[in-house]
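# Examination of the molecular architecture
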Amino acid sequence: MTGLKPPRAVIRGESSWGLQAALERRGLGPVAGVDEAGRGACAGPLVVAACVLKPGDGARLTELTDSKLLTAAARERVYERVLARAVDYAVVVIPTEEVDARGIHVTNVEGMRRAVSHLRTAPGYVLTDGFGVPGMPAPSLPVIKGDRVVACVAAASVLAKVTRDRIMADLHDEYPVYGFDVHKGYTTTEHGAALTEHGPSAVHRWSYTNVAVAAAVHRREPPHRVLLTAAALHATAAPVRALDDGLGQNGLFAADWHVNSQGGARIS
């Protein structure tokens, strides 16, 4: 639902959290914020959180801001305070298999809808970080840099980030050669070197170009269904045959991704 627009109101109070406060004053609350963690990573799950705060709590959570701007210790402190004070929250963990099968943007949008639908408190309005999400169960509005200017979005950002960081620390115990405890699955020089040396693991996103290239070099087939991006297909020099099963934008899957003698990949 996107038909109901926020009122033309003077945004005041709560420092930079004014938009949320204006919606609440006009009776459009409770306001839910939604954000994700892990969209840009090439390994590990996508985590999406939705959060409803008490009116005025943005000012009381003094360290609250975009989770990426906080130290790990500060994120943990804010995470515990948000859990203790939030009216409601929901955290959705989307595994790499789903990201690979459907594509990151489709998965992200669906994850945001899913997180809001899992709230026990029906929101009067939903604010998202950066881009609009059609099909929300309440009127919604995208906010540029929402995780820095909307308290409930910042809170969702922290919930998603801390949850995902903990998952990646656990995955490091299972796959120590990649350094997930340090870079959390994002593409860094060290992570790229580990991919080149060891090839991808089961928790890497095999649809991402750098992972697809490493898999081709190591002559490995994906452990699950994969929607290859155009960039990944080009990088691996994979001959393409479109599969008609309606998933994804380009309809190209590595359901039977075999590696040829030159280290390239093909879809059959």
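A quick note: this is a predicted structure, and the numbers were derived from the prediction, not measured. (Residues numbered from 1 in each chain as written. Predicted model: local features only at pLDDT ≥ 70, side-chain atom pairs only at ≥ 80, totals over all residues. Heavy atoms only, no water.)

So, about the layout of surface pockets. Space inside the second largest pocket adds up to approximately 180 Å³. Residue lining of the second largest pocket: 13 residues in total, with Glu36, Ala37, Gly38, Lys68 and Tyr186 positioned closest to the centre. At the level of elements, β1 (31-37) and α7 (151-174) are the ones that each hand at least two residues to the lining of the second largest pocket. When residues in the lining of the second largest pocket are grouped by element, the largest group, three residues, is from β1. By residue class, the composition of the lining of the second largest pocket is two nonpolar, four polar and seven charged. (1 Å grid on protein atoms, 1.4 Å probe; cavity = no way out; pocket = protein on both sides within 12 Å on 5 of 7 lines; lining within 4 Å. Points joined across faces, edges and corners; volume = space filled by probe spheres on them. Helix = DSSP H or I, 4+ residues; strand = E, 2+ residues; numbered from the N terminus. Nonpolar A, V, L, I, M, F, W, Y, C, P; charged D, E, K, R; others polar.)

Summed over the entire model, instances satisfying the criterion amount to 14 salt bridges. Residue Asp57 is joined to Arg60 by a salt bridge in which the shortest nitrogen-to-oxygen separation is 3.3 Å. Of the two residues, Asp57 and Arg60 are both situated in helix α2 (residues 57-60); the distance of three residues between them amounts to about one turn of the helix. On the basis of relative accessibility, which here comes to 45%, the residue Arg60 falls in the partly exposed class. According to the relative accessible area criterion, Asp57 is buried, its value standing at 1%. One salt-bridge network, in which partners are shared between bridges, spans Asp66, Lys68, Asp147 and Arg148. (Salt bridge = Lys/Arg side-chain N within 4 Å of Asp/Glu carboxyl O. Buried < 20%, exposed > 50% of the residue type's maximum accessible area, 1.4 Å probe, protein only.)

Right, let's talk about a negative patch on the surface for a bit. Residues Asp170, Asp173, Glu174 and Asp181 make up a contiguous surface patch of negative charge. Top contributing element to the negative patch by residue count: α7, with three residues. Following the sequence through the fold, Asp173 ends up in helix α7. (Patch = residues over 30% accessible without salt bridge, like charges linked within 9 Å, V, L, I, M, F, W, Y side chains within 5 Å. Areas by Shrake-Rupley, 256 points an atom, 1.4 Å probe, with all protein chains shown as cover. Lys, Arg positive; Asp, Glu negative; His and termini not counted. Charge placed at Lys NZ, Arg CZ, Asp CG, Glu CD.)

Right, let's talk about the packing of aromatic side chains for a bit. Under the definition given, this model contains one aromatic pair. Seen from their ring centres, Tyr178 and Phe180 are 5.5 Å apart, and the 15 degrees between their planes marks the pair as stacked. Take Tyr178: its relative accessible area is 7%, and that puts it in the buried class. (Phe/Tyr/Trp six-rings, centres within 6.5 Å; stacked < 30°, edge-to-face > 60°.)

Now for helix α9 (residues 189-198). Listed in full, the buried residues belonging to α9 are His191, Ala194 and Leu195. Within α9, the buried residues cover an arc of 100 degrees as seen down the axis, which keeps them to one side. Every exposed residue of α9 that faces more than 90 degrees away from the buried side is listed here: Thr189, Glu190, Thr196 and Glu197. Looking at the packing, one finds that the buried side of α9 touches α8 (180-183) and α10 (209-217). (Arc of directions from axis to C-beta. Contact = heavy atoms within 4.5 Å.)

Next up on the list: the packing of helix α3 (residues 72-85) against α7. How two helices sit against one another is set out by the angle between their axes and by the gap between those axes. Between α3 and α7, the shortest axis-to-axis distance is 9 Å and the interhelical angle comes to 120 degrees. One finds that α3 runs oblique with respect to α7. Like other packed secondary-structure pairs, α3 and α7 cross with a definite hand, here left-handed. Residues Arg75, Glu76, Val78, Tyr79, Glu80, Val82 and Leu83 of α3 pack against Ala155, Val158, Leu159, Lys161, Val162, Thr163, Asp165 and Arg166 of α7. For the contact of α3 with α7, the residue count by class is eight nonpolar, one polar and six charged. (Axes fitted to C-alpha atoms, helices over the stretch in contact; angles between N-to-C directions. Parallel < 35°, antiparallel > 145°, perpendicular 65-115°, else oblique. Left-handed = near helix turned anticlockwise from the far one by under 90°.)

Once that is clear, we can look at the sheet that holds strand β5 (residues 140-143). The sheet built from five strands is open, its strands ordered β3-β2-β1-β4-β5 with mixed pairing. The open sheet has two edge strands, β3 (88-94) and β5, and neither has a second partner. On average, each strand axis in the sheet is inclined to that of its neighbour by 20 degrees, with strand direction left out of account. Relative to β3, strand β2 (residues 46-52) runs antiparallel, the two being bridged by seven bridges. Paired with Val47 across the two strands is Val93, which belongs to β3. Strands β1, β2, β3 and β4 (125-129) of the sheet are contacted by helix α5 (residues 104-117), whose axis makes an angle of about 30 degrees with β2. Where α7 meets the sheet, it contacts β1, β2, β3 and β4, and its direction lies at approximately 35 degrees from that of β1. (Pairing = 2+ DSSP bridges.)

Ranked by internal contacts, the top residues of the largest apolar core, which has 32 residues, are Cys51, Leu53, Leu64, Val82 and Leu127. Those elements that provide at least two residues to this core are α1 (18-25), β1, β2, α3, β4 and α7. Ranked by the residues each element gives to this core, the list is headed by α7, at 10 residues. Those residues in contact with Cys51 that sit more than four places away from it in its chain are Val31, Ala32, Gly33, Val82, Ala86, Asp88, Tyr89, Cys152, Ala155, Ala156 and Leu159. (Core = buried A, V, L, I, M, F, W, Y, C linked by side-chain atoms within 4.5 Å.)

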